[in-house]
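Residue strings, one per chain:
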Amino acid sequence: AQSVTQPDIHITVSEGASLELRCNYSYGATPYLFWYVQSPGQGLQLLLKYFSGDTLVQGIKGFEAEFKRSQSSFNLRKPSVHWSDAAEYFCAVGARGNNDMRFGAGTRLTVKP
Amino acid sequence: EAGVTQFPSHSVIEKGQTVTLRCDPISGHDNLYWYRRVMGKEIKFLLHFVKESKQDESGMPNNRFLAERTGGTYSTLKVQPAELEDSGVYFCASSQKPAGGLRAPDTQYFGPGTRLTVL
């Protein structure tokens, strides 16, 4: 079965600084990878997903993620963080043929003014 | 288009009581999922409906949890009797395409969750 590790429970960055959130997955076959964001009082919103093709994936709100098979990673990046990006971010991995996703424990992002 | 909605947003009950959570998926989505997040832990899969049928309920923790989706529209998740360890946030999600074969998983759209506190 697939699994996900998000090593950072909480990250604080200054507004305007760059951001990278780490995600490592474990899955024997081709993974289907997702990043979701949950803002306070909101549901999980899909930021981006990787199924195949170009390993650098662009998402909404200026986020991107890079799939690195050799490192089993799918790190999320943003060049310049905005205060509104403060939220909790979840990496997830799905498997071919089913919709049972595995989520990481989440990384809470705090943005300093 | 309305998103996935969940009711209530927050429920506080005492140990031994019963609670019923409701999820309304996006209209036309045959797939409905329940997930749970216990404080600080990962979001865990509970079960998956395809229309009114349970496709996969391998994540249901025990028989105190009962999920239904009569008519293949909204779903309810009942916890009876509730225990302290049931506290957490219960998420519902829906997706359009069926899973199966060599198909990639469909994007799931999540509701805001129901925060359940058992005292």
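Use the structure listed above.
Let me sum up the structure you'll find in this document. Everything numeric here is computed off the predicted structure, so don't read it as measured data.

### Brief notes about the state of the cysteines
All names here are of chain A.
(1) Moving on: Taken as a whole and judged by the stated rule, the model has 2 disulfides over all chains.
(2) Moving on: Covalent S-S linkage joins Cys-23 and Cys-91, the inter-sulfur distance amounting to 1.9 Å. Its torsion about the S-S bond being -65 degrees, the disulfide of Cys-23 and Cys-91 is classed as left-handed. With a gap of 68 residues between them, Cys-23 in the loop between strand E3 (19–21) and strand E4 (24–26) and Cys-91 in strand E10 (residues 87–94) connect regions that are remote in the sequence. Each member of the pair, Cys-23 as well as Cys-91, carries the same accessibility label: buried.

### Concerning the sheet that holds strand E8 (residues 75–79) of chain B
All names here are of chain B.
(1) Moving on: Here 4 strands make up an open sheet; going across it, the order is E1-E3-E8-E7 and the pairing antiparallel. A single partner strand is all that each edge strand has here, and the edge strands are strand E1 (5–7) and strand E7 (65–68). Each strand axis lies, on average, 15 degrees off the axis of its neighbour in the sheet, ignoring direction.
(2) Moving on: Here E1 runs beside strand E3 (residues 19–24); their pairing, made up of 3 bridges, is antiparallel. For Thr-5, the partnering residue across the bridge sits in E3 and is Asp-24.

### Regarding the nonpolar core
(1) Moving on: Core analysis: the biggest nonpolar cluster contains 26 residues, and A:Leu19, A:Trp35, A:Leu47, A:Leu48, A:Phe74, A:Leu76 and A:Tyr89 have the highest contact counts within it.
(2) Moving on: Elements supplying a minimum of two residues to this core: strand E2 (10–14), E3, strand E5 (32–38), strand E6 (44–50), strand E8 (64–68), strand E9 (73–78), E10 and strand E12 (107–112) of chain A.
(3) Moving on: In this structure, A:Phe74 is in contact with A:Cys23, A:Leu33, A:Phe34, A:Trp35, A:Leu48, A:Tyr50, A:Ala65, A:Glu66, A:Phe67 and A:Cys91, ignoring residues within four places of it in sequence.
(4) Moving on: In this structure, B:Val19, B:Ile26, B:Leu46 and B:Leu116 belong to the second largest nonpolar core, which totals 21 residues.

### Concerning the pattern of salt bridges
Opposite charge on two side chains permits them to pair, given that their charged atoms come into close proximity.
Residue and element names in this part refer to chain B.
(1) Moving on: Counted under the stated rule, the structure contains 13 salt bridges over all chains.
(2) Moving on: Among the salt bridges present, the one from Arg-22 reaches Asp-24, with a minimum N-O distance of 2.7 Å.
(3) Moving on: Between Lys-54 and Glu-57 there is a salt bridge, with the nearest N and O atoms lying 4.0 Å from each other.
(4) Moving on: The partly exposed category is assigned to Lys-54, whose relative accessible area is 35%.
(5) Moving on: The class of Glu-57 is partly exposed, set by a relative accessible area of 43%.

### With respect to the environment of A:His82
All names here are of chain A.
(1) Moving on: Its place among the elements puts His-82 in the loop between E9 and E10.
(2) Moving on: Classification of His-82 by relative accessible area gives partly exposed; the value is 35%.
(3) Moving on: When the C-alpha positions of His-82 and Lys-112 are compared, they lie 9.4 Å apart, and in sequence the two are 30 residues distant.
(4) Moving on: There is a polar contact of 3.2 Å between the side chain of His-82 and the side chain of Trp-83.

### Digging into unusual backbone geometry
(1) Moving on: Backbone torsion omega between B:Phe7 and B:Pro8 reads -5 degrees, so that peptide bond is classified as cis.
(2) Moving on: Tracing the backbone through its elements, the reader meets B:Pro8 in the loop between E1 and strand E2 (10–13).
(3) Moving on: Positive phi outside glycine occurs at A:Ser72, with the angle close to 50 degrees.
(4) Moving on: When you line up the elements, A:Ser72 lands in the loop between E8 and E9.
(5) Moving on: Judged by relative accessible area, A:Ser72 falls into the partly exposed class, the value being 26%.
(6) Moving on: Backbone geometry places B:Lys51, a non-glycine residue, at a positive phi of 55 degrees.
(7) Moving on: Mapping B:Lys51 onto the fold places it in the loop between strand E5 (43–50) and strand E6 (53–56).
(8) Moving on: Take B:Lys51: its relative accessible area is 44%, and that puts it in the partly exposed class.

### Considerations on the packing of aromatic side chains
(1) Moving on: If you walk through the whole model with that rule in mind, you get 16 aromatic pairs over all chains.
(2) Moving on: Arranged with centres 6.5 Å apart and planes meeting at 35 degrees, the rings of B:Tyr33 and B:Tyr35 form a pair that is tilted. Considered together, B:Tyr33 and B:Tyr35 belong to a single accessibility category, that of buried residues.
(3) Moving on: These aromatic residues form a ring-pair network of at least three members: A:Tyr32, A:Phe34, A:Tyr36, A:Phe51, A:Phe103, B:Tyr33, B:Tyr35, B:Phe45, B:Phe91 and B:Phe110.

Parameters and conventions
- Residues numbered from 1 in each chain as written.
- Chains lettered and ligands numbered in written order.
- Predicted model: local features only at pLDDT ≥ 70, side-chain atom pairs only at ≥ 80, totals over all residues.
- Heavy atoms only, no water.
- Disulfide = S-S within 2.5 Å.
- Helix = DSSP H or I, 4+ residues; strand = E, 2+ residues; numbered from the N terminus.
- Buried < 20%, exposed > 50% of the residue type's maximum accessible area, 1.4 Å probe, protein only.
- Pairing = 2+ DSSP bridges.
- Axes fitted to C-alpha atoms, helices over the stretch in contact; angles between N-to-C directions.
- Core = buried A, V, L, I, M, F, W, Y, C linked by side-chain atoms within 4.5 Å.
- Contact = heavy atoms within 4.5 Å.
- Salt bridge = Lys/Arg side-chain N within 4 Å of Asp/Glu carboxyl O.
- Polar contact = N/O pair within 3.5 Å; in protein donor to acceptor, adjacent residues only side chain to side chain.
- Phe/Tyr/Trp six-rings, centres within 6.5 Å; stacked < 30°, edge-to-face > 60°.

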